Amino acid sequence: MASSRPLTPNERSALDTLLAADFPGAAELRAQAATARVTGRCGCGCPTIDLAVAEAAPRAALTSSVAVEADAPDGGGLIVFAAEGRLSCLEYWFTADETPAAFPPPEQIAW
């Protein structure tokens, strides 16, 4: 994984909170999350990140690229995307006028 970095505590907390939900493929994605690294960021300045995981991590059997989603406190939301059964993106979409600088704390993430 060229040009990658570990997740920040804020990124890790948001990802782990979303993956704690019960949904098809969650166990495999949780296993992948332990090896996840950030490979890119959204250009708009929001906290959305691209992810890469270890090839040896188990692949999730998903029927959609959206693995799980939740509501954020500003009227937006968080989405975990997977490509070919592997974590690929943690997105924070928002409706507020100001671009959020970080993912919301776990207690503000709701289903």
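Quick note: structure is the one above.
A brief structural summary. (Residues numbered from 1 in each chain as written. Predicted model: local features only at pLDDT ≥ 70, side-chain atom pairs only at ≥ 80, totals over all residues. Heavy atoms only, no water.)

### Some words on the packing of aromatic side chains
Under the counting rule described, the total for this entry stands at 2 aromatic pairs. The interplanar angle of 85° and the centroid separation of 6.5 Å between the aromatic rings of Y92 and F94 together place this pair among those described as edge-to-face. Using a relative accessible area of 25% as the deciding quantity, one classes F94 as partly exposed. Between Y92 and F103, the aromatic rings sit 6.0 Å apart at their centres with planes inclined by 15°, giving stacked as the arrangement. With Y92 in strand β5 (residues 86-93) and F103 in the segment after β5, the pair connects residues that are 11 residues apart, well separated along the chain. The residues Y92 and F103 share a single accessibility class, namely buried. One aromatic cluster in this structure is built from Y92, F94 and F103. (Phe/Tyr/Trp six-rings, centres within 6.5 Å; stacked < 30°, edge-to-face > 60°. Buried < 20%, exposed > 50% of the residue type's maximum accessible area, 1.4 Å probe, protein only. Helix = DSSP H or I, 4+ residues; strand = E, 2+ residues; numbered from the N terminus.)

### A short note on the pattern of salt bridges
Think of it this way: side chains of opposite charge can pair up when their charged atoms draw near. Tallying each qualifying case throughout the model produces 2 salt bridges. For the salt bridge of R5 with E11, the shortest nitrogen-to-oxygen distance reads 2.8 Å. Relative accessible area serves as the criterion here: at 28%, R5 is assigned to the partly exposed category. We note a salt bridge from D16 to R12, for which the minimum N-O separation is 3.7 Å. Taken as a pair, D16 and R12 lie in helix α1 (residues 9-19) at a separation of 4 residues, close to a single helical turn. (Salt bridge = Lys/Arg side-chain N within 4 Å of Asp/Glu carboxyl O.)

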